[in-house]
Amino acid sequence: MGKIAGYKGFNFDHGRGNITLFGSYMTQSGIKQKNRSWSNTAWNADPTIGSPIAIGSSVTANTRVIGSNFDLVSNGTGGGQNGFHSFTNADRYNISRDQMLTNSLQQAVLSGDAHYKINDHIDLYSSIRYTHKDALNTLAGNPVTGASYPSTLPSSVILPSGSPYNIWGEDVSMYRRFSDLGQRRYEEAFDTWQYTGGAKGNIVGNWEYDVSMTYGQSLGKFSTQNMTNYANYMNALGIQQVDPSDANSAVVYNPSICQASQGCSLINPFGQLTTEQQNYLRHTQIDHSTYQMRDFNARVHNNKIAHLPWQGGGNFGMAMGLEHRSEQASYTPDVLASNGDLGGGATYTGGGYNVTEAYIEGNLGLLHDVAFAHDLTIDGQGRWSHYNTFGDAYNWKVAINWAPVRDIRFRATLGTSFRAPTMTELYGGHQIGYYAGNDPCAQASSYGALSSNVIARCASQGVNTSTFINANSGQIPTLSGGNSSLSPETGRTYTFGTVITPRWIPNLTASVEYWHYTLKNMITMLPVQYVVDECYTGTNTSWCNNVAQRSASGQLTQVVDTYSNAGGLRTNGIDFDLNYHIRLSPVDSLTLTNNFQQLVGYLQQNEPGGSWYNYTGRLFYQSGYGMPRVRDYATATWRHKNFSLTYMMSYTGGMKFNDGSNDLSCSVYVYCKVPGVFSHDVTVNYNLNNWQFEAGVNNILDKKPPFVPDGTTNTAVSMYAEEIIGRYVFLEVGRVF
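Quick caveat, the model's predicted, so the values are computed rather than measured. (Residues numbered from 1 in each chain as written. Predicted model: local features only at pLDDT ≥ 70, side-chain atom pairs only at ≥ 80, totals over all residues. Heavy atoms only, no water.)

**Let's talk about the overall build of the protein chain**
Put simply, the rule reads: Numbered from the N terminus, helices here are DSSP runs of H or I no shorter than four residues, and strands are runs of E no shorter than two. Throughout, a contact is declared for two residues whenever any of their heavy atoms are within 4.5 Å. Accessible areas in this description were obtained via Shrake-Rupley with a 1.4 Å probe; residue shielding takes into account the shown protein chains only. A residue counts as positive if it is Lys or Arg and as negative if it is Asp or Glu; His and the chain ends are not included. Here the site of a charge means atom NZ of a Lys, CZ of an Arg, CG of an Asp or CD of a Glu.
In terms of regular secondary structure, the protein chain is built from 8 helices and 39 strands. Each of the three principal axes of the protein chain carries a C-alpha extent, and together these read 100 × 60 × 55 Å. A separation of at least 24 residues holds for 70% of the contacts in the protein chain among residues at least 6 apart in sequence. Split by element, the accessible area of the protein chain, about 34,700 Å² in all, is 55% carbon and sulfur. If the 47 positive side-chain charges of the protein chain are averaged to one point and the 54 negative ones to another, these points end up 7 Å apart.

Shown next as structure tokens:
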């Protein structure tokens, strides 16, 4: 990683105006999964105790063939009677050798700020910021198993019995990872700029104003190299649908469809591709996104409207304002992705909304420096919002702050909240991905008393669970992205706590606060395993609307798991904070800080009126995020003149594995939980004249992340970022000119 940054500021017109310019450039290399010993052989799933461990994907580089009573893998020699062997776990493709744990990044930033004070009533200000960001990741070669809705191309790659390469006398299903086209190389580039201009100043007396306008825009380009043109693949195989409008239509062998397609030559599905055939199948998918925001804001405030007319009375202050904001976003997929030729479910999404808001805030200093009231203050605020899409919303909040003496303070808040969906949640692009999960038809016996429901559901879809072969074992084809039908979240919050600053221990501050938060219509993306389990067990069959029709070979083709409004959330916890500054000598000091977070409860209702699930201390091991009961962050800094040494410790508590519906049993599965994890960092700073030096070691003990069989990385990427990077050393040098 490397970074260079600089800024320059200067005054003009005798200090009435100021201009500041800033620029930076950062580059960071990504971490390849194969370079980490704990992730270079990714487990496909969490097996039951005593079961074999499956490494990698079941979609193989040499074509896999599944028929009525066989499961074979090509030897890559062109097929024939001796060209195959039975599929085993040894044939699985180790995706770890191609993928990256973290992105390679490059980012450049330019910004400028200016203000000019004409007089006390008019102080003009403006700022502009431009950011260019590139990210790069690599993935294993594209797996091709069939098309998914809304594409009408074949939902399974069926090799008809009439094909000269079909030696079995029946239609068979084929699955292939196109490693011979190369790793998928995913790049995204964003160009973002934002401008703010406004004026502030004194109106009269203690009344101040601030009016501003902000405009911002972000343009994104997403490029994925070495994708497979599924329509061309069908042509090159000579596969023709009897009914082109039906993805589950019967197919026949017709080599003339290849002859009619420019650049096509018939391929042997069990042999090697020529360069010309690779070029015919290879496609670079390019998608685009846009985001635009406009904001107009006007605010007036007066912190001393009146002084309360009694002994110890404080000031009454008020602020009020108006805001109008509009946001628009769109996602435009590649032409071949949107017309179905790539076999996925990419579709255009776009839209926006505008909101007008009015708010008022008040601060009332009831008492100050009197008996039993060193300070007693009440704050209140209210906000009215009108959305052109969601209608009206009203929110309020009240707070009380009471210090009976200078050594202790009590505080409490009560309020409501309203959050409209973000542009990403509403209009984020739809894409098919293979998320960690298991097809219920492949594990029907694991559902206990509900197993009979799963077996019956699978049978209704033509799947015999006793003979079913899951070609996508450990993964579920999932359509993710925005949902334009989302409703806003509404919530209520209350907190209460105390702050202790004992005069007999100078420079010590300790606080404890309890918080409780409830949400209705919480916007979230549920674990895909939960979606399919709810459907197939019959617990909530409404989720079956999210499960697309199975392929002609009985495989899951698509499970819709876009953002949705869950029923609600009830969460509460306690935060402890400590800050203590100790003067050791005239030139030495020690500062200690600690932030301890205790999650007491995290109850989530995944659909309105549904059951409440206790996710406290749980890790959604298949998707890699969780709610630990305990987090702790501590620092100790020793300063001696121009030198300082800082030690930092962080702790993330242990968690039980959960698939969205149930905890994993430690008596059944190989892994069922993660332990608590400590991480330690050390930083040294030294100032010499106009030079500043900083050096340090993060994750000094090179702590590895806990093992999590997520199907891709062997850990929970979003939970253990520092442990994934491992020990790293950094050095920073700065100079003031």
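Once you've had a look at it, read on.
**Quick look at unusual backbone geometry**
One can expect most non-glycine residues to show negative phi and most peptide bonds to be in trans. Which entries qualify depends on this criterion: Relative accessible area decides the class of each residue, using a 1.4 Å probe on protein chains only: under 20% of the type maximum gives buried, over 50% gives exposed, and in between gives partly exposed.
A cis amide bond links Tyr 149 to the next residue, Pro 150, at an omega of 10°. One can find Pro 150 in the loop between strand S8 (142-144) and strand S9 (157-159). The backbone phi angle of Asp 13 is positive, close to 50°, even though this residue is not glycine. Within the fold, Asp 13 resides in the loop between strand S1 (2-12) and strand S2 (17-28). Within the chain, Asn 714 stands out as a residue other than glycine whose phi angle is a positive 70°. As for its placement among the helices and strands, Asn 714 is situated in the loop between strand S38 (691-698) and helix H8 (721-725). Here Asn 714 falls in the buried class, since its relative accessible area comes to 2%.

**Concerning the side chain of Thr 495**
Counted only if it meets this: For the purposes of these results, a polar contact is taken to be a pair of N or O atoms within 3.5 Å, where, inside protein, one atom must be able to donate a hydrogen and its partner to accept one; residues adjacent in sequence count only when each atom of the pair is a side-chain atom.
Here Thr 495 shows up in strand S23 (residues 489-500). For Thr 495, the side chain forms a polar contact with the side chain of Thr 413, separated by 2.6 Å.

**A few points about the sheet that holds strand S21 (residues 431-436)**
Counted only if it meets this: For two strands to be treated as a pair, DSSP must find no fewer than two bridges joining them.
Judged by pairing direction, the sheet is mixed, and its 3 strands sit side by side in the order S21-S22-S26 without closing on themselves. Two strands close off the open sheet at either side, each with one partner strand: S21 and strand S26 (559-560). Sheet topology places strand S22 (residues 475-480) next to S26; 2 bridges connect them, and they run parallel. Looking at the pairing, Thr 478 lines up with Val 559 of S26.

**Remarks on the pattern of salt bridges**
To keep it simple, the criterion reads: For this analysis, a salt bridge means a side-chain nitrogen from Lys or Arg found within 4 Å of a carboxyl oxygen belonging to Asp or Glu.
Per the stated rule, a full pass over the model turns up 18 salt bridges. With a shortest N-O distance of 3.5 Å, Lys 117 and Asp 120 are connected by a salt bridge. According to the relative accessible area criterion, Asp 120 is exposed, its value standing at 53%. What you see here is one network of salt bridges that share partners, running through Glu 323, Arg 325, Glu 327, Glu 357 and Arg 383.

**Here's the deal with the state of the cysteines**
Using the following cut-off: A pair of cysteine sulfur atoms is labelled a disulfide when the two atoms are within 2.5 Å.
This model, assessed by the stated rule, comprises 4 disulfides. The residue that forms a disulfide with Cys 535 is Cys 544, at a sulfur-sulfur distance of 2.1 Å. Its S-S torsion of about 105° marks the bond between Cys 535 and Cys 544 as right-handed, since a negative value means left-handed. A relative accessible area of 2% means that Cys 535 is categorised as buried. By relative accessible area, which is 10% here, Cys 544 ends up buried.

**Observations concerning the confidence of the model for the protein chain**
Our working rule: The quantity known as pLDDT measures the predictor's confidence residue by residue, on a range of 0 to 100.
Mean pLDDT over the protein chain works out to 94, with 100% of the residues at or above the 70 mark. Looking across the protein chain, the model is least confident in S21, with a mean pLDDT of 86, and most confident in strand S33 (residues 630-640), with 98.

**As for the sheet that holds strand S35 (residues 655-658)**
One open sheet holds the 4 strands; their spatial order is S32-S31-S35-S36, and the pairing between them is mixed. Only two strands of the sheet have a single partner each, and these edge strands are strand S32 (625-626) and strand S36 (673-674).

**Side note on the side chain of Ser 480**
Positionally, Ser 480 belongs in strand S22. Of the polar contacts made by the side chain of Ser 480, one reaches the side chain of Tyr 435; its length is 2.9 Å.

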